[in-house]
Amino acid sequence: MTDTLLTIENLNVSYRGDGNTAHILNGVDITIRRGQSVGLVGESGSGKSTVAFAMLGLLAGNAEISADRAAFDGHDTNLASDEPTALRGTEIAMIFQDPMTALNPMFTIGAQLVDIQRRRFPKENRRKLWARAEAVLADVGVQDAADRMHCYPHEFSGGMRQRVVIAMALLVEPKLLIADEPTTALDATIEAQVVEVLHRLRQKTAASMLVVSHSMGLIAELCDSVIVMYAGTVVESGPVGDVLHRPRHPYTRALLDCEIDPYAAFDPSQDLATIPGNVPDPARRPEGCIFAGRCPSRHYRCRERPPRRQVGGGQSYSCWLEAA
Ligand SMILES: Nc1ncnc2c1ncn2[C@@H]1O[C@H](COP(=O)(O)OP(=O)(O)OP(=O)(O)O)[C@@H](O)[C@H]1O
Ligand SMILES: [Mg+2]
């Protein structure tokens, strides 16, 4: 058994529209080891969900997808075929941003928690599946789980619903758990509780995790390593501590400067940090470095595509600047 659970090399996704093609992912490489938790961070629209959806066969019908290589659990997979769809719900589970998209308002929580297990454990009887569901529901912090199994989703608060969704994902005992912005729809207190549940699960389950977020803070809390994406391209990756404390790519630095420190005293005279300029139009991507248009350190070489530089310890970044 190899140490690598998932590997995708040179992933490209584009959407053909009226007269032009939007290049959403451009040469994305991603590797997740068994038991490892990887964070995918970047601004809105950078293509984070597209990476997750490509792994699960959830891209829209007009998507064109290609990769030099994709393999999951030791088997080569063709991302452009139905194979990723087959992995969904058995080998790979996903926690979406909005728990209501994953829950059916017409059925009780218990019925849905039983139903989700059917594909994974087709021969198991209903009573056993119900008992498993109840135990996992209690495990993710839903009190009075036995009674709550009979409730409908609208009877749960947002934070509780997200716990149910996490329970759903765990019940299929996936090899890979993808959490796409798992806390964005929640308020700060509930967010902290859900992060705590995910954190506990990380320590308990052997599953690998891919955590998609625009928040470096969340990634730091839940992940071993991080991939920083900008406009559909990986600009930096490496162990989370190294990337956070010694970011090499100007975009990673800018992103970290924009993070709000929840523990800092509020100073109304201080403007919130932003990255000036806009993300390039995916239908008109510039030649050379993709971040050059907004980069404070750009120079003439940035008209050409930057090299991928290895820093050591697994950290690498794509930039003409040799980081100090
Ligand atoms: N079916 C589609 N046709 C054309 N463009 C699409 C389609 N689906 C997504 N896109 C585009 O792909 C880009 C990347 O979207 P994606 O949802 O992956 O970004 P993201 O990083 O997850 O953003 P967010 O943080 O807002 O969730 C966006 O510019 C989006 O408009
Ligand atoms: Mg997204």
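Only a predicted model underlies this, so the values are computations on that prediction, with no experimental measurement involved.

Rules and cut-offs
Residues numbered from 1 in each chain as written. Chains lettered and ligands numbered in written order. Predicted model: local features only at pLDDT ≥ 70, side-chain atom pairs only at ≥ 80, totals over all residues. Heavy atoms only, no water. Phe/Tyr/Trp six-rings, centres within 6.5 Å; stacked < 30°, edge-to-face > 60°. Helix = DSSP H or I, 4+ residues; strand = E, 2+ residues; numbered from the N terminus. Buried < 20%, exposed > 50% of the residue type's maximum accessible area, 1.4 Å probe, protein only. Lys NZ or Arg CZ within 6 Å of the ring centre and 35° of its normal. Domains from an automatic or database assignment. Contact = heavy atoms within 4.5 Å. Buried area = accessible area lost by both parts, 1.4 Å probe. Salt bridge = Lys/Arg side-chain N within 4 Å of Asp/Glu carboxyl O. Polar contact = N/O pair within 3.5 Å; in protein donor to acceptor, adjacent residues only side chain to side chain. Pairing = 2+ DSSP bridges. UniProt positions renumbered as here; feature names shortened; annotations may be inferred. Near = heavy atom within 4 Å. Areas by Shrake-Rupley, 256 points an atom, 1.4 Å probe, with all protein chains shown as cover. Nonpolar A, V, L, I, M, F, W, Y, C, P; charged D, E, K, R; others polar.

Draft legend 1. A look at the packing of aromatic side chains. Evaluated as defined, the whole model comprises 3 aromatic pairs. Ring geometry for Tyr 230 versus Tyr 251: centroids 4.7 Å apart, planes at 55°, classification tilted. Taken together, the positions of Tyr 230 in strand 10 (residues 225-230) and Tyr 251 in helix 11 (residues 250-257) put the pair 21 residues apart, joining distant regions of the chain. Overall, Tyr 230 belongs to the buried group, its relative accessible area being 1%. On the basis of relative accessibility, which here comes to 0%, the residue Tyr 251 falls in the buried class. For the pair Tyr 251 and Phe 291, a centre-to-centre distance of 5.2 Å together with 65° between the ring planes defines the contact as edge-to-face. On the criterion of sequence distance, the pair formed by Tyr 251 in helix 11 and Phe 291 in the loop between helix 11 and strand 12 (308-312) is long-range, its members being 40 residues apart. Each residue in the set Tyr 230, Tyr 251 and Phe 291 is aromatic and connected to the rest through ring pairs, giving one cluster. Above the ring of Phe 156, the side-chain terminus of Arg 148 is found at 4.4 Å from the ring centroid. Positioned above the aromatic ring of Trp 320, the side-chain terminus of Arg 301 is 3.8 Å from the ring centre.

Draft legend 2. Region of the structure containing the domain arrangement of the chain. The domain architecture assigned to the chain consists of domain 1 (4-91 + 174-318) and domain 2 (96-173). Here domain 1 and domain 2 have C-alpha centroids that lie 28 Å from each other. Taken together, the 25 residues of domain 1 in the interface contact 16 residues of domain 2. Of the roughly 1700 Å² buried between domain 1 and domain 2 on both sides combined, carbon and sulfur atoms contribute 63%. Its largest share of buried area at the contact with domain 2, domain 1 owes to Thr 90, Pro 174 and Val 197, together 25% of the area lost on that side. Our count for the contact surface shared by domain 1 and domain 2 stands at 0 salt bridges. Counting every contact that joins domain 1 to domain 2 gives 3 residue pairs in polar contact (both at pLDDT 80 or more). Contributions of two or more residues to the side of domain 1 that touches domain 2 are made by helix 2 (83-87), strand 8 (176-180) and helix 8 (188-204). When residues in the side of domain 1 that touches domain 2 are grouped by element, the largest group, 8 residues, is from helix 8.

Draft legend 3. How the structure looks around the environment of Ser 157. Considering the arrangement of structural elements, one finds Ser 157 in the loop between helix 6 (145-148) and helix 7 (158-171). Measuring from C-alpha to C-alpha, the distance between Ser 157 and Leu 186 comes to 9.9 Å, with 29 residues separating the pair along the chain.

Draft legend 4. Spotlight on the pairing of strand 3 (residues 37-41). Among the 5 residues in strand 3, 5 count as buried, and that is most of the element. Going residue by residue along strand 3, you find Ser 37, Gly 39 and Val 41 tucked away on one face and Val 38 and Leu 40 tucked away on the opposite face as well. Pairing between strand 3 and strand 9 (residues 208-213): 5 bridges, direction parallel. Bridging across to strand 9, Gly 39 finds its partner in Val 211. Here strand 3 runs beside strand 10; their pairing, made up of 4 bridges, is parallel. Looking at strand 10, one finds that Val 38 is bridged to Ser 225.

Draft legend 5. Just the environment of Thr 21, in detail. Relative to the assigned elements, Thr 21 resides in strand 2 (residues 21-33). Taking the C-alpha atoms as reference points, Thr 21 and Arg 284, 263 residues apart in sequence, are found 8.6 Å from one another. With residues up to four places along the chain from it excluded, the contact list for Thr 21 reads Ser 14, Tyr 15, Arg 16, Pro 282 and Ala 283.

Draft legend 6. The arrangement of the UniProt feature "domain: ABC transporter" (unreviewed entry) in the chain in detail. Cross-referencing UniProt, the feature "domain: ABC transporter" (unreviewed entry) maps to residues 8-256 in the present numbering. Spanning residues 8-256, this segment combines 38% helix with 26% strand, and its end C-alpha atoms are found 26 Å apart.

Draft legend 7. Examining the pairing of strand 12 more closely. Bridge analysis of strand 12 against strand 13 (residues 315-318) gives 4 bridges, and the strand direction is antiparallel. Counted as the bridge partner of Gln 310 is Ser 316 from strand 13.

Draft legend 8. Layout of the environment of Ala 206. Relative to the helices and strands, Ala 206 is located in the loop between helix 8 and strand 9. Ala 206 gets classed as exposed once you look at its relative accessible area, which sits at 71%. Along the sequence, Ala 206 and Pro 174 sit 32 residues apart, while their C-alpha atoms lie 9.2 Å from each other.

Draft legend 9. Fine view of the site of ligand 1. Near ligand 1 lie 13 residues; those nearest to it are Ser 44, Gly 45, Lys 48, Ser 49 and Thr 50. In the model, an oxygen atom of ligand 1 is placed 3.0 Å from a nitrogen or oxygen of the Gly 47 main chain. Contact distances for ligand 1 include 2.9 Å between an oxygen atom and a side-chain N or O atom of Ser 49. Against a free-state accessible area of 650 Å², the protein chains account for coverage of 62% of ligand 1. Among the elements that take part in the shell around ligand 1, helix 1 (residues 48-56) stands out by supplying 3 residues, more than any other. Within the shell around ligand 1, the residues separate by chemical class into 3 nonpolar, 7 polar and 3 charged.

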